[in-house]
Amino acid sequence: MSERDDPGVIGRRVQQLRVERGLTQKQLAEPAYTPAYISTLESGRVRPSDDALRHLADRLGVGFEELTTGRPARLVTDLRLRLTEAQRTLATGEAEESAAQYGRLLAEADALDLAEVRAAALLGLGECAVETGELRAARQYFEQAEKALGDDVPLPARVPALRGRAVAHYLTGELRYSVYLLESTIDELNRGGLHDPDALLLLYASVIGPYMDMGAHARAAQAAELALALAPQAGDPALVARMHRSVARTLLAEGRLAEADASLAKAAELYRRLQIRTELANCHWMRGYVYAQNGELERAEDELRQALDMLSAKRAALYSSQAAVELADVLHRRGKSDEAAALLHDVLSDLSSERGALHSAAAHRLLGIIAEDARDTEAAEEHYVRALSLLERAGAAGDLADLCRLLGDLLRRTGRVEAALDAYRTGLGHRTAPGTTTLGPAPAQPPL
């Protein structure tokens with residue numbers, strides 16, 4: 001039972017504050033209540049209403065929250081100010097420093113039993129872990145954040161934690177589960193009339209990558225279109241967030257805690273929206289992919305370079321790798337194979353089988369193609385086999401089928417017909433037609 005729910009704890013606190021201020025029960029009660037009611041309340045025999053508590057807090061000169069929980073209102077506001085500081089640090093790309101800030105906040109929130117601050121700190125730690133590639137830790141933080149928020153919190157407020165968990169699963173290579181989490185949340189929002197633009201933008205932009213890797217190109221294109229349509233409603237929050245944070249400091253100095261709290265809440269939400277920079281970069285990546293498929297390679301290169309610049313500015317290594325592989329493919333097709341190969345080797349230096357497995361596989365596949373073009377069949381085969389191993393673990397059906405074709409063709413050209421047949425048979429088992437998927441019906445759409 002929390003302190004607010006325990007009439008005995010609240011009664012003793014009211015009595016202590018009343019005595020410290022030299023008030024009689026009659027003076028505390030007037031004009032809305034009787035001395036007898038105050039006596040009953042102080043003895044813990046009655047559960048006071050919120051109206052009664054607000055009256056008492058006003059007469060005692062304390063905040064409503066301090067009276068009901070024993071925590072000074074300024075303490076909670078200071079913690080929220082530090083939350084916005086940690087969010088700002090992460091938004092500027094300093095993930096490790098931000099994680100340290102969130103870790104300290106989590107410890108204090110646990111000690112003070114502040115569920116809201118605890119959930120925000122856990123969510124921040126999850127976002128930091130994704131940025132630094134610690135995906136297992138990220139999933140755990142996001143799961144704890146969801147648990148801390150609870151089912152009573154409206155779904156749009158839980159979306160950042162749900163989306164974070166889905167992204168961590170995706171980057172680990174668990175495509176189908178990631179799509180399930182994102183699609184089911186999108187569907188619940190839209191069917192329930194909860195058309196929150198920030199929540200939907202995060203979800204639509206985040207589902208593009210898993211769709212592409214599963215061969216669901218039509219759904220990926222539709223998700224990108226919806227995300228870009230929602231983006232103007234989110235705006236550019238950086239300057240506004242900084243303004244609200246500065247205003248909150250001045251309000252705190254003047255003792256205007258409620259107003260400072262409101263300003264900090266706005267700043268925190270705006271810093272949370274700064275994550276949208278990564279999501280919009282993913283949309284540019286998707287647009288570049290579409291241009292590349294249509295043979296518009298110059299436009300594709302421009303879009304993909306923009307995506308990579310946006311992601312690199314946030315030091316989002318795993319997201320950057322995805323855009324870098326697509327850019328390398330376009331560069332190779334434009335005759336810039338040396339630049340493409342250098343870009344791919346940089347990608348592989350940052351990844352592993354459990355940290356960006358799909359991006360590693362894509363890099364190895366493309367390096368194999370570049371090696372084949374240079375008539376280095378041994379290196380090409382090595383890259384194809386490494387990519388095949390990574391994709392089989394992730395279950396990326398469309399990419400597997402294409403890779404088995406490439407490997408089979410290479411083996412056939414080098415005279416290993418039986419091995420080539422085995423590769424073709426493996427590919428047929430994973431064949432997926434372009435634009436199709438074994439996923440269920442697409443989620444409901446928002447009214448745009």
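Residues numbered from 1 in each chain as written. Predicted model: local features only at pLDDT ≥ 70, side-chain atom pairs only at ≥ 80, totals over all residues. Heavy atoms only, no water.

Caption draft 1: A look at the environment of Ala 362. Looking at where Ala 362 falls in the secondary structure, it is placed in helix α20 (residues 357-373). The sequence separation of Ala 362 and Tyr 384 amounts to 22 residues, and the corresponding C-alpha distance is 9.6 Å. (Helix = DSSP H or I, 4+ residues; strand = E, 2+ residues; numbered from the N terminus.)

Caption draft 2: Quick peek at the packing of helix α11 (residues 175-191) against helix α12 (residues 197-213). Interhelical geometry of α11 versus α12 gives an angle of 150° and a closest axis separation of 9 Å. Between α11 and α12, the interaxial angle falls into the category roughly antiparallel. Once α11 is placed against α12, the crossing between them reads as left-handed. Each of Leu 175, Ser 178, Val 179, Leu 182, Glu 183, Thr 185, Ile 186, Leu 189 and Asn 190 in α11 lies in contact with α12, whose residues at this interface are Ala 199, Leu 200, Leu 203, Tyr 204, Ser 206, Val 207, Pro 210, Tyr 211 and Asp 213. Among the residues forming the contact of α11 with α12, the class breakdown is 12 nonpolar, four polar and two charged. (Axes fitted to C-alpha atoms, helices over the stretch in contact; angles between N-to-C directions. Parallel < 35°, antiparallel > 145°, perpendicular 65-115°, else oblique. Left-handed = near helix turned anticlockwise from the far one by under 90°. Contact = heavy atoms within 4.5 Å. Nonpolar A, V, L, I, M, F, W, Y, C, P; charged D, E, K, R; others polar.)

Caption draft 3: Examining the packing of helix α10 (residues 155-172) against α11 more closely. In the contact formed by α10 and α11, the axes pass within 8 Å of each other and the chain directions differ by 165°. Taken together, the axes of α10 and α11 lie roughly antiparallel to each other. Crossing angle aside, the handedness with which α10 passes α11 is left-handed. Seen from α10, the contacting residues are Leu 155, Pro 156, Val 159, Leu 162, Arg 163, Arg 165, Ala 166, His 169 and Tyr 170; seen from α11, they are Leu 175, Tyr 177, Ser 178, Leu 181, Leu 182, Thr 185, Glu 188 and Leu 189. Looking at the contact of α10 with α11 residue by residue, the class counts come to 11 nonpolar, three polar and three charged.

Shape is all these values report; function is a separate question.
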